[in-house]
Amino acid sequence: MSDEPQDLENMPRLVIVTGMSGAGRTEAMHVFEDLGYFCVDNLPSSLIGSLVDLDGVMREEGRVSDRRLAVVCDARNRDFFGSLATALADLSGRGVEYSVLFLDADDEKLVSRYKSSRRRHPMCEEGTTIGQGIQRERQLLMELRDAADYVIDTTDMLPQKLRTTIRSLFATGNERRGLAVTVYSFGFKHGAPLDADLVMDVRFLPNPYYDPELRPLTGLDAPVRDFVMFRDETTEFLKRWEALLDVVMPGYVAEGKQQLAIAVGCTGGQHRSVALAEATGDYLKTRGYRVSVAHRDLKLAERAGK
């Protein structure tokens, strides 16, 4: 039985990200983007309902499939404080389900972040300090913070920890979906890969090239695939290779890595590497990762083999 999680099945369709300026909303948006949400930053509160309506129309027309929305509403829009509560009440009245994520941090940390960024706090007017702006914003957001579904205090959080925390709240069982994995085959005689994070050389396995009947075929063809896969050497290799992947892949997820390239190489990129790149991609899919499989040199290798 596969332990692959249900793909985004239990994630909320609409998330409103708000909170104190400087508390990490930009980083939060990156997380939701990685989870497949359509993200809108700095959206006026009064337009949330219109965005939901537009998304519904597009879904009915078949132009968007199962899209989820994440919007940032904050003090950069002057209508924020007066209209967000009204917008949320309107959504509730219409039966639209949503979750509110409130990001917070203590005043000292927020002052430090704004000083280091050298940006103007949105609540600072002429003659006011950053601290005064923070205090004004905190008072205006007090009721919203109390009503939020989730509150994350980012005072002592590094970005990696914030990413992990958001995934644990909104994508339970789908944390691995934030990592986009590309597995591709290649031929060493066409050049070593330059963009791979992991490179596996499978030239130690018996080569189908030396069988005249298999030579013009590729690792996508059943005879070659069977030749490569149904061997004691390959069985032992896959056991160790999959065990290695089970160790390193969760580490990449924990580190917040967003893209990972795994290259599997043989001599020409036609037989062994193709079959094993496909097998590697299939295995990672069963472990819950988003995986694309490609074959860099397959066309070159096919021409070379004929």
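Residues numbered from 1 in each chain as written. Predicted model: local features only at pLDDT ≥ 70, side-chain atom pairs only at ≥ 80, totals over all residues. Heavy atoms only, no water.

(A) Representation of the overall build of the chain. When helices and strands are tallied, the chain shows ten helices and nine strands. Nonlocal contacts in the chain, meaning residues at least 24 apart in sequence, comprise 79% of its contacts between residues at least 6 apart. Carbon and sulfur atoms make up 50% of the accessible area of the chain, which totals about 15,700 Å². (Helix = DSSP H or I, 4+ residues; strand = E, 2+ residues; numbered from the N terminus. Contact = heavy atoms within 4.5 Å. Areas by Shrake-Rupley, 256 points an atom, 1.4 Å probe, with all protein chains shown as cover.)

(B) Fine view of the pairing of strand β8 (residues 259-266). Here β8 lies mainly inside the structure; seven of its eight residues are buried. In the sheet, strand β6 (residues 180-187) pairs with β8 via eight bridges, with the strands oriented parallel. Residue Gly 187 lies in a different strand from β8, and its bridge partner there is Cys 266. Pairing between strand β7 (residues 198-201) and β8: four bridges, direction parallel. Along β8, the bridge assignment pairs Leu 198 with Ile 262. (Buried < 20%, exposed > 50% of the residue type's maximum accessible area, 1.4 Å probe, protein only. Pairing = 2+ DSSP bridges.)

(C) Quick look at the sheet that holds strand β4 (residues 99-104). Taken together, five strands build an open sheet; the order of strands is β2-β3-β1-β4-β5 and the sheet is parallel. A strand with exactly one partner marks an edge of an open sheet, and here the two such strands are β2 (37-40) and β5 (150-153). Pairwise comparison of adjacent strand axes, ignoring direction, gives a mean angle of 20° for this sheet. By the bridge criterion, four bridges tie β4 to β5 in an arrangement that is parallel. (Axes fitted to C-alpha atoms, helices over the stretch in contact; angles between N-to-C directions.)

(D) Structural view of the nonpolar core. Counting 42 residues, the largest nonpolar core has Ile 16, Val 17, Phe 32, Ile 48, Leu 101 and Ile 166 as the members making the most contacts within it. For Ile 166, the residues in contact, after removing those within four places along its chain, are Ala 28, Val 31, Phe 32, Leu 101, Ile 152 and Ala 171. Core analysis: the next-biggest nonpolar cluster, separate from the first, contains 29 residues, Leu 198, Met 200, Trp 241 and Met 249 among them. (Core = buried A, V, L, I, M, F, W, Y, C linked by side-chain atoms within 4.5 Å.)

(E) Representation of unusual backbone geometry. Unlike most non-glycine residues, Asn 42 shows phi in positive territory, near 60°. Looking at the element boundaries, Asn 42 is found in the loop between β2 and α2 (48-60).

(F) Highlighting the pattern of salt bridges. Taken as a whole and judged by the stated rule, the model has 14 salt bridges. Arg 94 is the partner of Asp 90 in a salt bridge, and the nearest nitrogen-oxygen pair spans 3.3 Å. Asp 90 gets classed as partly exposed once you look at its relative accessible area, which sits at 39%. Take Arg 94: its relative accessible area is 38%, and that puts it in the partly exposed class. Among the charged side chains, a salt-bridge network with shared partners connects Asp 104, Asp 107, Arg 138 and Arg 145. (Salt bridge = Lys/Arg side-chain N within 4 Å of Asp/Glu carboxyl O.)

(G) Quick look at the layout of surface pockets. Reported here for the largest pocket is a volume of approximately 500 Å³. If you go around the largest pocket, you meet 22 residues; those closest to its centre are Gly 22, Ala 23, Gly 24, Arg 25 and Thr 26. Elements represented by at least two residues in the lining of the largest pocket include exactly α1 (25-34), α4 (107-117) and α6 (159-170). Partitioned by chemical class, the residues of the lining of the largest pocket number eight nonpolar, six polar and eight charged. (1 Å grid on protein atoms, 1.4 Å probe; cavity = no way out; pocket = protein on both sides within 12 Å on 5 of 7 lines; lining within 4 Å. Points joined across faces, edges and corners; volume = space filled by probe spheres on them. Nonpolar A, V, L, I, M, F, W, Y, C, P; charged D, E, K, R; others polar.)

(H) Molecular detail of the confidence of the model for the chain. Residues with a pLDDT of 70 or more make up 87% of the chain, whose mean pLDDT is 85. Mean pLDDT across the secondary structure elements of the chain bottoms out at helix α10 (residues 298-305), with 66, and peaks at β7, with 97. Note that pLDDT drops below 50 for residues 1-7; the model gives that stretch 13 contacts with residues more than four away or on any other chain. (pLDDT = per-residue confidence, 0-100.)

(I) Representation of the packing of α4 against helix α5 (residues 130-147) in the model. Where α4 contacts α5, the two axes come as close as 10 Å, and the packing angle between them is 125°. Judged by the inter-axis angle, α4 sits oblique to α5. Seen along the crossing, α4 lies across α5 with a hand that is right-handed. On the side of α4, the interface is formed by Asp 107, Leu 110, Val 111, Tyr 114 and Lys 115, while α5 contributes Ile 130, Gly 131, Ile 134, Gln 135 and Arg 138. (Parallel < 35°, antiparallel > 145°, perpendicular 65-115°, else oblique. Left-handed = near helix turned anticlockwise from the far one by under 90°.)

(J) Quick peek at the sheet that holds β6. Reading across from one edge, β7-β8-β6-β9 is the order of the four strands in this open sheet, with parallel pairing throughout. Looking along the sheet, the strands with just one partner apiece sit at the ends: β7 and β9 (290-295). On average, each strand axis in the sheet is inclined to that of its neighbour by 20°, with strand direction left out of account.

(K) Layout of the packing of aromatic side chains. Under the defined criterion, the tally for this structure stands at seven aromatic pairs. Aromatic side chains Phe 204 and Phe 237 sit 5.5 Å apart centroid to centroid with 65° between the ring planes, which places their arrangement in the edge-to-face category. Of the two residues, Phe 204 sits in the loop between β7 and α7 (222-229) while Phe 237 sits in helix α8 (residues 232-254), which places them 33 residues apart along the sequence. Centroid distance Tyr 209 to Tyr 210: 5.5 Å. Interplanar angle 85°. Geometry classified as edge-to-face. By relative accessible area, which is 32% here, Tyr 209 ends up partly exposed. Accessibility expressed as a relative area gives 62% for Tyr 210, which makes it exposed. Every member of this aromatic cluster is reached through a ring pair, and the members are Phe 32, Tyr 37, Tyr 150 and Phe 170. Geometry around Phe 188 places Arg 203 over its ring, the cationic atom sitting 3.7 Å from the centre. (Phe/Tyr/Trp six-rings, centres within 6.5 Å; stacked < 30°, edge-to-face > 60°. Lys NZ or Arg CZ within 6 Å of the ring centre and 35° of its normal.)

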